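Structural overview for review
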Amino acid sequence: LGWHLTCCLPSLLSLLQGFDPPHQSDTRTVYIANRFPQHGHYVPQRFADNRIISSKYTVWNFVPKNLFEQFRRIANFYFLIIFLVQLMIDTPTSPVTSGLPLFFVITVTAIKQGYEDWLRHKADNEVNGAPVFVVRSGSLVQTRSKNIRVGDIVRVAKDETFPVDLVLLSSDRAEGTCHITTTSLDGETNLKTHYSVPETLVSQSVSRLEALHAVVECQQPDADLYRFVGRITVTQQEEEIVRPIGPENLLLRGARLKNTKEIFGVAVYTGMESKMALNYKCKSQKRSAVEKSMNTFLLIYLGILLFEAILSTILKYAWQAEKKWDEPFYNQKTEQERNSSQILKFISDFLAFLVLYNFIIPISLYVTVEMQKFLGSFFIGWDLDLYHEESDQMAQVNTSDLNEELGQVEYVFTDKTGTLTENEMLFRECSINGIKYQEINGKLVHEGMTDDSPDGSYFSHVCLSFALRLSATSQSREELLFLKAVSLCHTVQISYEQPGDGPGNPFPNANGFSSQMEYYASSPDEKALLSCFAVQPICTVVESDVNPIIPLSHRYKLLHVLEFDATRRRMSVILQTPSGGKVLFTKGAESAVLPFTKSGEIDKTRVHVDEFALKGLRTLVVACRHFNVEEYEEVDRQLHEARAALQQREERLAEVFSFIEKDLELLGATGVEDKLQEKVQETIESLRLAGIKVWVLTGDKHETAVSVSLSCGHFHRTMNILELVQQKSDNECAEQLRQLARRIREDHVIQHGLVVDGASLSLALRGHEKLFMEVCKNCSAVLCCRMAPLQKAKVVRLLKTSPEKPITLAIGDGANDVSMIQEAHVGIGIMGKEGRQAVRNSDYAIARFRFLSKLLLVHGHFYYIRVATLVQYFFYKNVCFITPQFLYQFFCLFSQQTLYDSVYLTLYNICFTSLPILVYSLFEQQVHPHMLQSKPVLYRDISKNSLLSFKTFLYWTLLGFCHAFVFFFGSYILMGEDTSLMGNGQMFGNWTFGTLVFTVMVITVTLKLALETHFWTWMNHFVTWGSIAFYFIFSLFYGGIIWPFLHTQDMYFVFVQLLSSGSAWFAIIIILIACLFPDIIKKVIYRHLQPTSTQKSQFETNYQGIGCVDSMCCYSEGENGCARLGRMVAQVMGRYNPAYANRSWSDSDPFYSNDRSILTLAPMEAAHC
């Protein structure tokens, strides 16, 4: 009691002061049923209410907060500035030209974000409004979940989820236990047992709970799901009884009650302070390489814009240096204009030119890219090849911002267990007292014998059961101890189900066996061992002496569980034997158990463990220790004190565990096989052919990891395997790294594989990162074993931040993989058996490792090509759009006269040219998906961001400038000299000239995209030809009617007059040919002189000459309409083959469905030509 008061002194002092602000102290005090002290000085602590808030906005802050976030984006802020400039000064274009596109982009984005937040509000309201039952004023009251307060006693019934974090007070079971599942928290499907303290377990009714006087003191809210430190003080007959409470007493919000009728618990953490809410993690924002390139290109175009604006302003004043141009007779200056400041006039003119040319920055690029990523991400979920039928799981996309990054991966970091393997454990071998046994057809057989050996040197499950029951002399003491240890040292929950049997009868059959025993294990290893040694009805653990069904001679009472942790890497149980003795059974990794053993066949077992590991088996070593009465009393006392500690409980428990788990007697070891997943070897080989290096990062021991790497094809048998293991010092590690680097240089022809263990990796990363990276990069495959979770993340970060800045991908299935998944550029979670933490924290989730091949080689390839072309095309069409405006200033004395009508300025990016590129970016396929999977080398064509290199960017930009020059000067040459082109002698004006340039431009940029399209669907046809048709129809209506709401209508009848001129149509056709024909010739020549692997794959099957240059002009019988051009070009290049030149398509020819491509040389469907 004195120790208790000492620990409570800080809280008592705060109570005497009358106020204890929440989170100021390290602990919180919860009065059960909110029965606060009656003295007048106490002021209750303030705790969070039980509302869950995952939404970002409210009705009141949505508009200002959303606008603030959107204008943090540079492009949006830039257009806002341009819009404000147009409002403040006299500019050549209406503010509507900048304001309307900006309003459109802001509105679309706001609607999307508002809808997503509305869904979050809806989900929050559903959770917060759920009905719950609480004990208040001596009765059970129904209320809403959001109304629960800290200290309330809450009732939860079977199959309901816990609405808050509760400390268990009682259940309908006499022993005060309950079973729960935490699937929604960590994905573990096993049943977990939670306990109430003895003083509260009898409070199973509302009246008894009302009479309960107790106080819970615990730590402040913590995000760790598996850590809880506290104590409960129960007052009974004016005596205070203190009991420690830990994670086994805490029921977490989101978990579900199972196999228990009802429980009562006191709320300790509510709302956003519950552990589930604290685990809502905002993942760090990942940016793709394409997005970074896009921002770089935007800055370059901003530089072009500033250059054009400054040049135009300077040339304007240079032109106006002559008197006749400064103040012509038709435009006399006012006195105020003559006396105004030259600097202000210069700034005003500069801003006016900035406004005039501002459309070179494509504001709609952002919203189009967002729409493309959002809509394109659905294709991954819809892909039936990524659907796993056995588990009924389809691929899922958690973020669509990284779709194109899937096509740029250079390094894959993968976990082993559950990712490369099935995480389905099968018992295969064991070593008992230095003798090896194998599992054959469900029987344990001495090594070297078969299951039908006549000498009786094997025992089956049934024989084993009777051996334990009858204490047969055919098994030695060590064998029996080993079998008991494996059967009893676990945390598996066993569910007994028998139709028609009562719930209290776990062993209904006469022979003592239940017809159905279901094992719920958090570890697949434990389930495999217990399933094999299925002796639970014969030799079982009980927690009380009240079960008469189990014979006393086979009843072991559980006294303590020493839980597994990653530091000790072992777990133990302390049991009371049927004779009353106390025994400790321990199992764990060989490096965590063997050093603490003092007897048994240690050397033989170590050899057997290494042999198991070489076969790829997962190994566990089993040992025991017997306690006399004095030893157990000391162990029990130390455990109780450590578990009752509020401060440094984990450290004190670790010390006690070390004190207990020593002087062990070695019993044996087990070998469990973890089967490889289907097609793992083929997937790794495909990734290697695609130029992707695969690193395996695992916590398994060295021998097991190497064996699995060899079996899955990560390491080849012919590969020279180098090792960096068991390094003890920095100097030793550095010397070994230098030797490895020297061997790689000397044997540069041979492929090398590198094996690193966790301890050596720590030394290598401490001061030899550069040397370590040099060795790793020269190895074809790297295996890191004995890795801690943070070490995995460090390795990923090391590669990610290296000078080459490679794109990394991490894939795993367990909570220990979360750190590397979040660290890598792209994180992929496997929907495996180790929970859902990896899936929840990943960018993408798939059911099996083999799906990674299609995700990268097909979806990644498509997404990257689509987005890269989208970005380049946007810049190209805006250069085409604004450059004629710049050239026009040379012909209008830089008077800032606009070439296009303001409506055309506004709708160019929104309506006339937006849909074709959006549909292209959703459906484009340069190569058939089967070809991409069968030829992984095609992935190399798009690696290292090749389609967004500066060379490609320069090509598209120069092409835009060239086409813009052709638009402007072509129109000027064909129509500028003779403006009296109408039949009645009426002359064309500047609006007609600008409309001609705009018409040619809309058609050209649309057809340019058509030339880039390889995969034609009905949607491509609809939006391509529909956009051109819409432009003509809109222009006819816009210029053909006098609109009363327009202040001026400069375009009235202009478009109609333009189309009525034969010369105008001739000019449009000539300019189109002048722009696109050189592009076609260039493409055809390049495809034959310097074809890429992708282009070769398009025409390698059954079609090796010049293909269909333009599939839109095929004859009805399937003959190529451009065959003459193809034959002529082929003859010039010396590649003419008559066998292919006159070839026609037939229905039996292979084709790619819907691949009616322009400029693709792939086979096509004749009926669609």
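As the structure is a computational prediction, the values presented were derived from the model and not from experiment.

So, on to the UniProt feature "transmembrane region" (unreviewed entry) in the protein chain. UniProt feature "transmembrane region" (unreviewed entry): in the numbering of this structure it lies at residues 296-319, 350-369, 903-923, 953-975, 987-1010, 1022-1046 and 1052-1077. Here residues 296-319 is 100% helix and 0% strand, with 35 Å between the C-alpha atoms at its ends. Taken end to end, residues 953-975 has its terminal C-alpha atoms 33 Å apart, with 100% of it in helix and 0% in strand.

Where strand 2 (residues 131-136) meets strand 3 (residues 139-144), six bridges bridge the pair, whose relative direction is antiparallel. In the strand pairing of strand 3, V134 is matched with V141. Joining the antiparallel neighbours strand 2 and strand 3 is a turn of two residues, in which S137 adopts a positive phi near 55 degrees. Pairing analysis gives three bridges linking strand 2 to strand 4 (residues 153-157), with the strands arranged antiparallel. Within strand 4, the residue paired with F133 across the bridge is R155.

Here we take up the nonpolar core. By size, the foremost hydrophobic cluster in this structure holds 91 residues, and its most contacted members are V871, F881, Y900, F998 and M1001. Element by element, the count of residues in this core is highest for helix 29 (residues 851-888), at 17 residues. When residues no more than four places from it in sequence are discounted, the contact partners of V871 are V290, M294, F297, L365 and L948. Core analysis: the second largest hydrophobic core is formed by 42 residues, A705, C785, L852 and L857 among them.

Look at helix 4 (residues 96-128) against helix 12 (residues 364-376): their axes get within 9 Å of each other, and the N-to-C directions meet at 30 degrees. Considering their axes alone, helix 4 and helix 12 lie roughly parallel with respect to each other. Judged by the sense of rotation from one axis to the other, the crossing of helix 4 with helix 12 is left-handed. Seen from helix 4, the contacting residues are V105, V108, T109 and K112; seen from helix 12, they are S364, V367 and E370. Looking at the contact of helix 4 with helix 12, its residues break down into three nonpolar, two polar and two charged.

Strand pairs in the sheet, formed through backbone hydrogen bonds, run parallel or antiparallel to each other. Across the sheet, which stays open at both edges, the nine strands sit in the order 14-35-34-33-15-29-32-31-30 with mixed pairing between neighbours. The strands lining the two open edges of the sheet, one partner per strand, are strand 14 (396-397) and strand 30 (720-724). Where strand 30 lies against strand 31 (residues 752-757), five bridges are found, and the strand directions are parallel. Its bridge partner being in strand 31, L724 is matched across the sheet by V756. Seen against the sheet, helix 23 (residues 730-746) touches strand 30 and strand 31 and runs at an angle of roughly 165 degrees to strand 30. Sheet contacts for helix 25 (residues 769-777): strand 15 (411-414), strand 29 (693-697), strand 30, strand 31 and strand 32 (781-785); angle to strand 31, the most-contacted strand, approximately 140 degrees.

Turning our attention to the sheet that holds strand 1 (residues 27-31). Taken together, the four strands give an open sheet; going across it, the order is 1-8-9-10, and neighbouring strands pair in antiparallel fashion. The open sheet has two edge strands, strand 1 and strand 10 (239-245), and neither has a second partner. When the angles between neighbouring strand axes are averaged without regard to direction, this sheet yields 20 degrees. One ladder, built from five bridges, connects strand 1 with strand 8 (residues 214-219); its direction is antiparallel. Each residue of the ladder has a partner; that of R28, found in strand 8, is C218.

Before going further, it helps to examine the packing of aromatic side chains. The geometry of two aromatic rings is summed up by the distance between their centres and the angle between their planes. For the coordinates displayed, the defined rule picks out 54 aromatic pairs. Look at F881 and Y900: their rings are 5.3 Å apart centre to centre, the planes differ by 15 degrees, and that puts the pair in the stacked class. Placement of the pair is F881 in helix 29 and Y900 in the loop between helix 29 and helix 30 (902-912), with a sequence separation of 19 residues. In this structure, F881 and Y900 share a single accessibility class: buried.

All right, on to helix 37 (residues 1062-1089) then. Between the first and last C-alpha of helix 37 there are 40 Å, a value that for 28 residues agrees with the 40 Å anticipated at 1.5 Å per step. Roughly 25 degrees is the biggest bend found in helix 37, and it falls at L1076, with proline P1078 one to four residues downstream.

Moving on: the environment of T957. Locating T957 in the fold gives a position in helix 33 (residues 950-976). Between the C-alpha atom of T957 and that of V879, which follows or precedes it by 78 residues, the distance is 7.0 Å. T957 has contacts with Y301 and V879, leaving out every residue within four places of it along the chain.

About the thresholds
Residues numbered from 1 in each chain as written. Predicted model: local features only at pLDDT ≥ 70, side-chain atom pairs only at ≥ 80, totals over all residues. Heavy atoms only, no water. UniProt positions renumbered as here; feature names shortened; annotations may be inferred. Helix = DSSP H or I, 4+ residues; strand = E, 2+ residues; numbered from the N terminus. Pairing = 2+ DSSP bridges. Core = buried A, V, L, I, M, F, W, Y, C linked by side-chain atoms within 4.5 Å. Buried < 20%, exposed > 50% of the residue type's maximum accessible area, 1.4 Å probe, protein only. Contact = heavy atoms within 4.5 Å. Axes fitted to C-alpha atoms, helices over the stretch in contact; angles between N-to-C directions. Parallel < 35°, antiparallel > 145°, perpendicular 65-115°, else oblique. Left-handed = near helix turned anticlockwise from the far one by under 90°. Nonpolar A, V, L, I, M, F, W, Y, C, P; charged D, E, K, R; others polar. Phe/Tyr/Trp six-rings, centres within 6.5 Å; stacked < 30°, edge-to-face > 60°. Expected span 1.5 Å × (residues − 1). Bend = angle between axes of the 7 residues up to and from the residue.

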